[in-house]
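Next come the chains, spelled out residue by residue.
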Amino acid sequence: PPTNKHNYHNHYHHHHQHVFMPPHIHVPGSSSGNVARYFKNSTTHREALSLYREILRTARAFHWKDEATGEPWSQKLKREARKEFEAAKEERDPLIVARLLVTGRDCVQQIQNKFNEADRKAWERIQRDSNNR
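Residues numbered from 1 in each chain as written. Predicted model: local features only at pLDDT ≥ 70, side-chain atom pairs only at ≥ 80, totals over all residues. Heavy atoms only, no water.

**Thoughts on the side chain of Ser-74**
With respect to the helices and strands, the residue Ser-74 is situated in helix 3 (residues 73-88). Relative accessible area serves as the criterion here: at 14%, Ser-74 is assigned to the buried category. Not counting residues within four places of it along the chain, the set of residues in contact with Ser-74 comprises Ala-59, Arg-60 and Phe-62. (Helix = DSSP H or I, 4+ residues; strand = E, 2+ residues; numbered from the N terminus. Buried < 20%, exposed > 50% of the residue type's maximum accessible area, 1.4 Å probe, protein only. Contact = heavy atoms within 4.5 Å.)

**Considering the side chain of Glu-71**
Inspection of the secondary structure assignment puts Glu-71 in the loop between helix 2 (32-59) and helix 3. With near-sequence residues (within four places) excluded, Glu-71 lies in contact with Lys-65, Asp-66, Lys-76 and Arg-79.

**Considering the packing of aromatic side chains**
Remark: the centre distance and the inter-plane angle together describe each pair of aromatic rings, the angle taken between the planes. Counted by the stated rule, this structure contains four aromatic pairs. Each ring, one from Tyr-52 and one from Phe-85, has its centre 5.0 Å from the other, and the planes form 65°; the classification is edge-to-face. Of this pair, Tyr-52 sits in helix 2 while Phe-85 sits in helix 3; the two residues are 33 residues apart in sequence, bridging distant segments of the chain. Residue Phe-85 is classed as partly exposed on the basis of its relative accessible area, which comes to 25%. (Phe/Tyr/Trp six-rings, centres within 6.5 Å; stacked < 30°, edge-to-face > 60°.)

Structural data, given as structure tokens:
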């Protein structure tokens, strides 16, 4: 009978549609318009966190003290980094945020390069001194 065929078709069609529905990603507290912004911000947040950790790692290498205050440079640098990140936390302009991240990464890279260069020269001096004995 046609009715039976019709029901079978609807049931199959409905089942078929259900299986191939794209997964819905629910982002808390957002309408669909804010989803892209949420992911962009979460990416920016991850980048900032990564940069902050890199700064802290780099600061650990500064073993000497600030002659003016007697405070270890590592602590001073960590404190300054924290202050900079706190100040930039409220920034909403994506271009400014991107510029801050790029500048921060560039500074860390330059410091690391200088460290590596100084380290290399120190090792060369040590090699020279031990060869001259």
